[in-house]
Structure formats: structure tokens, C-alpha cells
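# Analysis of the macromolecular model
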Amino acid sequence: MDAISLLKEDHKLVKALLEDLTGSSTRAVKKRTDLLQQIHMNLAAHTTIEEEIFYPAFREAGKKEEEKMYFEALEEHRAAEDLVLPDLMKTDPGTEQFSGRAKVLKELIEHHIEEEETEMFKDAKKLLDKAQLQELGERMQARKLQLLKQLKAA
Ligand SMILES: [Fe+2]
Ligand SMILES: [Fe+2]
């Protein structure tokens, strides 16, 4: 699979999980806990392959504008993964506070995905050729499987 198709598939999955999470009620404690675990795992694998493989290739192929996009994307990962998600994981799933925080995480991630898909990936398709995108996709797929295995074992 080429790099962009792979990343878009991941986006679809994480968006669906977030949709389920924000659609769940304060009574669905077990469901919320399970969904959060899945979001955590899939998001970690996804942002890692982007940061290790895709983003550097994108930055390398581009100029000043791509460099700006690169740094902005990294900060969005940090906001979601290092700030909002850990906070949500410490929140009692049986509360409305959890519902509110889940909604904020969902909006943050949706915004990030939207920017990647409409700006970064579109740009990447112009900067990188088919063979390069294919090769990046293969490397990311292998790394993703490795990461998911590690995360599941943890
Ligand atoms: Fe990202
Ligand atoms: Fe992404």
C-alpha cells in the first residue's frame, strides 16, 4: 500500500473509534475504557510512523512551507498525545467531565487529520513520486505492525 492510502486508512479507524467514544454514555464505563485503550494504541502507532518515516521524507522533499507544516503537525501530535489523551486516560469514564474531554480530543484529532489530508498529503503527492510513496508505505506498514505488537504486549 502506498504511504497516503495507509495513513488515510489509519485516520478512518481512529475517527470511527472517536465517534464511538463520544457517542457513549457515562454508564458505558467498560466500553469507554476499551475504546480509549484502542484509540491510545492506534494513535501511538500512527503518529510514530508519521514522525519516524513520513514527516521527515515530506520535509526533506519540500521547502520552507513544508517545514512549517512539519512543525505544526508535530505540535498537534504533542497536544493530542502528550496533553489531552493522558488527561482523558486519568479521567473517570463514568463522568460528564470525561464526555467533555473526549469531545475535545475528537475535535483536535479531526482538525489534525483534516489538515493532513487536505494540505500535507496533497502536497506530498506533488513532491514525491509513486515509487517513493510506495516505498514509504511499505516501511511504515512494517514499522506499524512491529509497534502494534509491542503496544499490545505492554
Ligand atoms: Fe498526524
Ligand atoms: Fe495522520
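Residues numbered from 1 in each chain as written. Chains lettered and ligands numbered in written order. Predicted model: local features only at pLDDT ≥ 70, side-chain atom pairs only at ≥ 80, totals over all residues. Heavy atoms only, no water.

A separate point is the coordination of the iron ion (ligand 1). Taken together, E50 (OE), Y55 (OH), H77 (NE2), H112 (NE2) and E116 (OE) make up the protein donors of the iron ion (ligand 1), found 2.1 to 2.6 Å from the metal. Counting residues between consecutive donors of the iron ion (ligand 1) along the chain gives the motif E-x4-Y-x21-H-x34-H-x3-E. (Donors = N, O, S within 2.8 Å, 3.2 Å for Na, K, Ca; no water.)

Ranked by size, the top nonpolar core spans 24 residues in total, and within it L7, F54, M120, L136 and M140 carry the most contacts. Every element with two or more residues in this core is listed here: α1 (3–23), α2 (29–61), α3 (64–89), α4 (96–127) and α5 (130–153). Apart from residues lying up to four places away in sequence, M140 is in contact with A3, L6, L7, I49, I53 and F54. Among the nonpolar cores identified, the runner-up in size contains 16 residues, and L17, L21, I39 and I109 belong to it. (Core = buried A, V, L, I, M, F, W, Y, C linked by side-chain atoms within 4.5 Å. Buried < 20%, exposed > 50% of the residue type's maximum accessible area, 1.4 Å probe, protein only. Helix = DSSP H or I, 4+ residues; strand = E, 2+ residues; numbered from the N terminus. Contact = heavy atoms within 4.5 Å.)

Distances from the iron ion (ligand 2) to its protein donors, namely H11 (NE2), H46 (NE2), E50 (OE) and E116 (OE), fall within the range 2.0 to 2.2 Å. Here the iron ion (ligand 2) is ringed by 4 donor atoms whose angles at the metal span 83 to 174 degrees, and the overall shape comes out irregular. Mapping the donors of the iron ion (ligand 2) onto the primary sequence yields the spacing H-x34-H-x3-E-x65-E. Note on H11: relative accessible area 2%, which makes it buried. (Tetrahedral: all angles 85-135°; square planar, octahedral: opposite > 155°, others 65-115°.)

By secondary structure assignment, the location of E9 is in helix α1. Separated by 74 residues in the primary sequence, E9 and L83 place their C-alpha atoms 24 Å from one another.

This paragraph deals with the side chain of E50. As for its placement among the helices and strands, E50 is situated in helix α2. Look at E50: it is buried, it has no salt bridge, and the nearest opposite charge is K144 at 11 Å. Only 2.8 Å separates the side chain of E50 from the side chain of H46, close enough to count as a polar contact. Apart from residues no more than four positions distant in its own chain, E50 is found in contact with L7, H11, Y55, P56, H77, H112, E116 and F121. (Lys, Arg positive; Asp, Glu negative; His and termini not counted. Salt bridge = Lys/Arg side-chain N within 4 Å of Asp/Glu carboxyl O. Polar contact = N/O pair within 3.5 Å; in protein donor to acceptor, adjacent residues only side chain to side chain.)

This part takes up the packing of α2 against α5. Their axes nearest at 9 Å, the elements α2 and α5 cross at an angle of 150 degrees. When the axes of α2 and α5 are compared, the crossing they make is right-handed. Across the interface between the two elements, M41, N42, A44, A45, T48, I49, E52, I53, F54 and A57 of α2 pack against L133, L136, R139, M140, R143, K144, L147, L148, L151 and K152 of α5. For the contact of α2 with α5, the residue count by class is 13 nonpolar, 2 polar and 5 charged. (Axes fitted to C-alpha atoms, helices over the stretch in contact; angles between N-to-C directions. Left-handed = near helix turned anticlockwise from the far one by under 90°. Nonpolar A, V, L, I, M, F, W, Y, C, P; charged D, E, K, R; others polar.)

Under the counting rule described, the total for this entry stands at 12 salt bridges. Close ionic contact of K30 with D34 constitutes a salt bridge, the shortest N to O distance being 2.7 Å. Placement of the pair is K30 and D34 together in helix α2, with a separation of 4 residues, close to one helical turn. Look at D34 and you get partly exposed, because its relative accessible area is 36%. One salt bridge connects D87 with R101, and the closest N-O pair in it is separated by 3.7 Å. Within this pair, whereas D87 is found in helix α3, its partner R101 is found in helix α4, the two being separated by 14 residues in sequence.

Nothing here speaks to function; it is geometry throughout.
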